[in-house]
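So the chains spell out like this:
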Amino acid sequence: MGNRNTGPAVEADGLVRSFGSTRALDGLDLQVPAGTVYGLLGPNGAGKTTAVRVLATLLRPDGGRARVFGHDVVTEADAVRARVSLTGQYASLDEDLTGAENLVLLGRLLGLGRPAARQRADRLLAAFGLTEAAGRQVKKYSGGMRRRIDIAASILNTPDLLFLDEPTTGLDPRSRNQVWEIIRAVVAHGTTVLLTTQYLDEADQLAGRIAVVDHGRVIAEGTPGELKSSVGSGTVHVRLRDAGERPRAEQVLRAALGVPVQPAADPVVLTARVGEDGTDLEAGEQAARALGELARAGIVVDDFSLGQPSLDEVFLALTDHPAVTDERDDELEAAR
Amino acid sequence: MSDTATTTGRPPSVYVPSAEALATVLAPGERPPRPGALSASLTFGWRAMLKIKHVPEQLFDVTAFPIIMVLMFTYLFGGALADSPRDYLQFFLPGIMVTSVVMITMYTGVGLNNDIEKGVFDRIRTLPVWRPAALVGMIFGDVLRYVLAALVILGVGLALGFRPGGGPVGVLAGIGLLVVFSFAFSWVWTFFGLVLRSEKSVMGVSMMVLFPLTFLSNVFVDPATMPGWLQAFVKANPVTHLVAAVRAAMAGSTDATNTLWLLLWSAGFVVVFGTLTMYRYNRR
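Note that the coordinates shown come from a computational prediction; the quantities given were computed from them, not determined experimentally.

Where do I start with the overall build of chain B in this structure?
Secondary structure summary: chain B contains twelve helices and zero strands in total. Projected onto its principal axes, the C-alpha coordinates of chain B cover approximately 80 × 45 × 35 Å. Split into buried and exposed, the 284 residues of chain B put 41% on the buried side.

Written out as structure tokens, the structure is:
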């Protein structure tokens, strides 16, 4: 890869961007090392999309500054554009055109001659399993195919930095896995990927480092392991046979685990965070002990599981407020 | 792998990303030099052609609409304003050609607004190409539509008895002037297409601008019959200069004064609205 990945891929200092009275970015700081997948994790309206749009030179920040491979996104926008690609949340291709036409068009715009652009398009279509759909209009593609052609278009010029804005939102699990495989291949070939997502497991699967974003700023940053251990290593879910037993089960669990127990919306379900400051092993031991105590108390349990903390729980722990979806992104769209 | 599966919109076979296949397209190759301004603009123009190929219905407004305009006004006003519709047509056809084509320039703004809504513009705006290329290319595509509309109107006119004194050369010169002006005037709509929020508001504004501009002119009647204050507006209206210049060209003469005015207006539109458009385009 030579010198294309020396120095950080992205450095942002105190980015601010408002839409009307809404501060979408409120002093966002970011350091993205080159050659990795970096995850921006947060709920809808946290400012992830706005951050990506600023870094991709689509929006000007009101305050702060950002550099991509050392180039300022405002004053050296053209140098930034030469090295980045963006796959937005919405289809960023011409839906009236066929997949092949879209790729040839982009190839021509990136300076390839007509035969070279055709050849490049054919190879990309083949690599992304879209050869049979090459002559079909993009609007007739399925969700997974659309994502793939979108990513194919984004790597047409083998960018040094690829922005993927919620690449798997709305995809079925199989398509999601395909996209994950593609992202892994892209980063293995030296392209830095900045990925936004609402899903902790996605960030966990792909990202080397994660920044948790809320209300336009980064509230936590680290490797997936660091973030998870900061909020506890797991969550115990208990489903009871009988809703009437819930108050008693809650007492038993609280005593056994030594942590607060939350009644869920479902009247037979209880949840609790475990392993707050320990390892997975301790969380497992705690959970096993809790299950034993429930059995000893004669409470019938239909389902018992120890899972990873959800994004909601990470948020609750980091911000003391749940990761509510406040539709702010939709407003931002309208304000554009 | 039968083709019947494709009609349901599902891929006929399950795609499994293969590391080897992806490696062939991910190897960083030579970056070609960025395309020049004209080449990039023409590529965007090609995109407009492809869109016409896939959505031919969009040509409705440059075919059916102009035909309706010609027939409607020729027979509506022809008897009253001249001895017969055929006599009126000799005066009226260049004017209605200008009116129809200037009216369809607004679709440039509607199309641009539509593009922005769909998100394809995000990708276009992150490409390292000459910035105005996307818009220039879009207008190149529209110029083809203007030529098409002008030819349709000419065809209808000839069928109804329009006999231009300037012959083919004069007619082509007239259409040429009209296309130059329409190209320039399209920049007004790229600006509104970027500033306004929806397709509907672009249409609303365009009607407010286009109706006075085309009707308060010398298209339909001789301005000498109008009150003084209206004559003043009509005289300053760029459409009046355009119609006078096109009429003269099609009749086989040249109206140097009006042609000059029309070219000045065109340059003005490109400079003022082209600049405003690019300012907005870069600062969204």
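Before we go on, may I ask you to explain unusual backbone geometry in this structure?
Peptide bonds are, in most cases, trans, and in most cases residues other than glycine have a negative phi. All names here are of chain A. The backbone phi angle of Thr 57 is positive, close to 70°, even though this residue is not glycine. Mapping Thr 57 onto the fold places it in the loop between α1 (48-55) and β4 (63-68). Although it is not a glycine, His 215 adopts a positive phi angle of roughly 50°. Looking at the secondary structure, you find His 215 in the loop between β9 (209-214) and β10 (217-222). A count of 18 C-beta atoms within 10 Å places His 215 in the partly exposed class.

Would you explain the environment of A:Ile149 in this entry?
Residue and element names in this part refer to chain A. Looking at the secondary structure, you find Ile 149 in helix α5 (residues 143-154). A count of 25 C-beta atoms within 10 Å places Ile 149 in the buried class. Between the alpha carbons of Ile 149 and Leu 130 there is a distance of 7.7 Å; along the sequence they are 19 residues apart. In this structure Ile 149 touches Leu 93, Gly 99, Asn 102, Phe 128, Leu 130, Val 138 and Tyr 141, once residues within four positions along its chain are discounted.

Honestly, the environment of A:Val37 in this entry has me stumped. Any pointers?
Take A:Val37: it is sitting in strand β3 (residues 37-41). Counting along the chain gives 125 residues from A:Val37 to A:Leu162, while the straight-line C-alpha distance between them is 9.5 Å.

I keep staring at the interface of chain B and chain A and nothing clicks. Help me out?
It is common to report an interface's size as the accessible area lost on association of the parts. The interface is formed by 39 residues belonging to chain B together with 47 residues belonging to chain A. Of all the secondary structure elements, the ones that give two or more residues to the side of chain B that touches chain A are α1 (19-26), α2 (37-54) and α6 (120-125) of chain B. Grouping the amino acids of the side of chain B that touches chain A by side-chain chemistry returns 21 nonpolar, seven polar and eleven charged.

So, how was this worked out
- Residues numbered from 1 in each chain as written.
- Chains lettered and ligands numbered in written order.
- Predicted model: local features only at pLDDT ≥ 70, side-chain atom pairs only at ≥ 80, totals over all residues.
- Helix = DSSP H or I, 4+ residues; strand = E, 2+ residues; numbered from the N terminus.
- Buried ≥ 20, exposed ≤ 12 C-beta atoms within 10 Å, placed from the backbone.
- Contact = placed C-beta atoms within 7 Å.
- Nonpolar A, V, L, I, M, F, W, Y, C, P; charged D, E, K, R; others polar.

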